[in-house]
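# Architecture at a glance
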Amino acid sequence: MRKGAISRDGVLKAIAEYEELGRDRFLSEYGYRSATGYLLVHEGRTYDSKAIAGVAHKFDQGRALESDELSGGRSHAARWLARLGFVIRSSRSPDWTRDEIILACDLAMANGWKRLEFNDSRVIELSELLQTMPIHPEELRNELFRNPNGVARKTVDITSRHPDYRGKPTNGNALDVEVMNDFLTRPAEMAEVAQRIRDGLLTGDFQSLPPEAEDEDDYSAPEGRLLIRRHRSRERDKGLRKRKIDAVLRQGRRLACEACGFDFEATYGPRGAGYIECHHVVPLHEAGEGRTKLSDLALICANCHRMIHRRAPWPTPGGLRDLIQQTKNQGGAWLPSQQELESSGAGLKPS
């Protein structure tokens with residue numbers, strides 16, 4: 001038997017049998033439990049996705065899959081059904097991300113670190129805003145996704161972990177505390193971060209960003225994923241990168257990394273000619289929707305670019321250069337001196 005080799009017709013027949021027998025009898029007869037992760041939505045009704053996918057095998061391959069022969073998650077049942085065009089939704093809301101908690105913390109701070117009720121107009125407004133956030137895919141959103149009750153509950157989780165709170169804290173999670181501490185130590189900066197996220201959602205700026213790339217898992221910033229995605233989108237703007245490179249070349253300078261001095265053409269010859277990466281040096285909490293200036297960009301090699309983004313707070317190219325120099329002084333990697341770079345024509349002058 002080929003697991004997952006089911007047809008839309010087979011799924012519809014399983015749904016018809018589900019309706020004929022009723023949910024409890026259908027699950028009992030085939031040995032399935034109620035869905036705990038994903039539900040199939042068809043013509044306004046919901047069905048246990050794992051059981052439907054398993055029974056569909058009976059109509060397509062002659063035998064229904066046993067419950068322990070498949071999972072109900074995105075690796076089996078949910079994926080098979082979605083592949084056939086069926087709508088799959090999570091039966092529970094996804095975990096809160098840093099971006100969402102930043103907005104909830106900002107609201108809690110504005111309320112004097114006191115909990116808010118579900119019918120508070122500010123909670124309702126935040127609930128509506130969170131539902132527009134392009135982070136969680138549709139299949140992970142259910143009818144309760146980030147509703148006012150859930151948003152109010154999150155403010156309770158946050159405020160009950162505040163140092164001045166004297167009651168028993170709720171369960172919450174470690175990320176709530178982590179983000180709250182960012183607000184406590186850097187309130188003005190984090191309030192600005194929250195405003196940048198809010199502005200991006202209200203203007204639709206984040207909706208037009210390219211999908212999140214896998215390599216962004218290596219990027220660390222307390223400002224959240226959405227601002228990182230916008231930051232990366234600007235860095236990858238080919239037209240902006242070309243204008244920056246052209247400006248450097250017009251000044252008679254080499255395309256050398258502003259942190260370590262690496263020159264792609266000097267190392268790789270013609271293959272490396274004209275190549276270098278751009279880094280947007282303006283801090284995330286300051287970079288709004290305005291036009292990016294060439295002076296906002298630094299030219300750096302791929303290795304230094306990754307090292308800058310690897311861990312917050314992100315160093316400037318000059319700060320990373322100082323770190324490299326310290327390593328050199330301690331007997332680490334070789335680094336050309338500032339004088340050597342300038343004499344070679346690379347220079348590290350701001351453009």
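Structure: see above.
### A look at the overall build of the chain
Across its full length, the chain carries 15 helices and 5 strands. Expressed as a percentage of contacts within the chain between residues at least 6 apart in sequence, the contacts between residues at least 24 apart total 65%. Carbon and sulfur atoms make up 49% of the accessible area of the chain, which totals about 18400 Å².

### Focus on the packing of aromatic side chains
All told, the structure shown has 7 aromatic pairs when counted by the stated rule. Seen in terms of ring centroids, phenylalanine 26 and tyrosine 30 are 5.2 Å apart; in terms of plane orientation they differ by 55°. Their pairing is tilted. Taken together, the residues phenylalanine 26 and tyrosine 30, both in helix H2 (residues 23-30) and 4 residues apart, mark about one turn of the helix. An identical accessibility class is assigned to phenylalanine 26 and tyrosine 30; each is buried. Aromatic ring contacts, followed pair by pair, group Tyr18, Phe26, Tyr30 and Tyr47 into a single cluster. We note arginine 8 situated over the ring of phenylalanine 86; from NZ or CZ to the ring centre the distance is 4.1 Å.

### Notes on the side chain of serine 127
Secondary-structure assignment places serine 127 in helix H6 (residues 121-130). What makes serine 127 buried here is its relative accessible area of 2%. Of the polar contacts made by the side chain of serine 127, one reaches the backbone oxygen of arginine 146; its length is 2.6 Å. In this structure, serine 127 is in contact with Arg146, Asn147, Pro148 and Val151, ignoring residues within four places of it in sequence.

### Digging into the pairing of strand E1 (residues 38-42)
Across the two faces of E1 the burial differs, with Tyr38, Leu40 and His42 buried and Leu39 and Val41 not buried at all. Looking at chain direction, E1 and strand E3 (residues 87-90) are connected through 4 bridges and run antiparallel. Considered in E3, the bridge of leucine 40 is made with isoleucine 88. As paired elements, E1 and strand E2 (residues 45-48) share 4 bridges and run antiparallel to each other. Looking across to E2, one finds that valine 41 is bridged to threonine 46. In sequence, E1 turns back onto E2 through a hairpin of 2 residues, with glutamate 43 there showing a positive phi of about 50°.

### Here's the deal with the packing of helix H5 (residues 98-110) against H6
Remark: H5 packs on H6, axes separated minimally by 11 Å, with the N-to-C direction vectors making an angle of 165°. The angle between H5 and H6 falls in the class roughly antiparallel. Of the two possible hands of crossing, H5 and H6 adopt the one that is right-handed. Between H5, through Glu100, Leu103, Ala104 and Leu107, and H6, the contact on the second element is made entirely by Arg122, Val123, Leu126, Leu129 and Leu130. Class assignment of the residues belonging to the contact of H5 with H6 gives a composition of 7 nonpolar, no polar and 2 charged.

### Looking at the packing of H5 against helix H9 (residues 187-203)
The axes of two packed helices give the description: the angle between them and the distance between them. Remark: H5 packs on H9, axes separated minimally by 9 Å, with the N-to-C direction vectors making an angle of 120°. Accordingly, the angle class assigned to the pair H5 and H9 is oblique. H9 is crossed by H5, and the crossing has left-handed handedness. Residues Asp99, Ile102, Leu103, Asp106 and Met109 of H5 pack against Pro187, Met190, Ala191, Val193, Ala194, Ile197, Arg198 and Leu201 of H9.

### Topic: the pattern of salt bridges
Tallied over the full model, the rule gives 22 salt bridges. Put simply, glutamate 17 and lysine 58 hold a salt bridge, and the shortest N to O gap is 3.1 Å. With glutamate 17 in helix H1 (residues 8-21) and lysine 58 in helix H3 (residues 49-61), the pair connects residues that are 41 residues apart, well separated along the chain. Overall, lysine 58 belongs to the partly exposed group, its relative accessible area being 28%. Across the salt bridge formed by arginine 98 and glutamate 178, the nearest N and O atoms sit 2.1 Å from each other. In this pair, arginine 98 is assigned in helix H5 and glutamate 178 in helix H8 (residues 174-185), connecting sequence segments 80 residues apart.

### Some points on the sheet that holds E1
Across the sheet, which stays open at both edges, the 3 strands sit in the order E2-E1-E3 with antiparallel pairing between neighbours. Unpaired on one side and paired on the other, E2 and E3 mark the two borders of the sheet. Adjacent strand axes in the sheet meet at a mean angle of 40° when their direction is disregarded. Where H3 meets the sheet, its contacts fall on E1 and E2, and the angle it forms with E2 comes to roughly 70°.

### Section: the nonpolar core
Judged by nonpolar contacts, the single largest core of 33 residues is most densely connected at Ile102, Leu103, Ile158, Ile197 and Leu201. Elements with a contribution of two residues or more to this core: H5, H6, helix H7 (148-159), H8, H9 and helix H10 (225-235). It is H5 that contributes the most residues to this core, 7 residues altogether. By size, the runner-up hydrophobic cluster in this structure holds 28 residues, among which are Leu27, Tyr32, Tyr38 and Phe86.

Criteria and cut-off values
- Residues numbered from 1 in each chain as written.
- Predicted model: local features only at pLDDT ≥ 70, side-chain atom pairs only at ≥ 80, totals over all residues.
- Heavy atoms only, no water.
- Helix = DSSP H or I, 4+ residues; strand = E, 2+ residues; numbered from the N terminus.
- Contact = heavy atoms within 4.5 Å.
- Areas by Shrake-Rupley, 256 points an atom, 1.4 Å probe, with all protein chains shown as cover.
- Phe/Tyr/Trp six-rings, centres within 6.5 Å; stacked < 30°, edge-to-face > 60°.
- Buried < 20%, exposed > 50% of the residue type's maximum accessible area, 1.4 Å probe, protein only.
- Lys NZ or Arg CZ within 6 Å of the ring centre and 35° of its normal.
- Polar contact = N/O pair within 3.5 Å; in protein donor to acceptor, adjacent residues only side chain to side chain.
- Pairing = 2+ DSSP bridges.
- Axes fitted to C-alpha atoms, helices over the stretch in contact; angles between N-to-C directions.
- Parallel < 35°, antiparallel > 145°, perpendicular 65-115°, else oblique.
- Left-handed = near helix turned anticlockwise from the far one by under 90°.
- Nonpolar A, V, L, I, M, F, W, Y, C, P; charged D, E, K, R; others polar.
- Salt bridge = Lys/Arg side-chain N within 4 Å of Asp/Glu carboxyl O.
- Core = buried A, V, L, I, M, F, W, Y, C linked by side-chain atoms within 4.5 Å.

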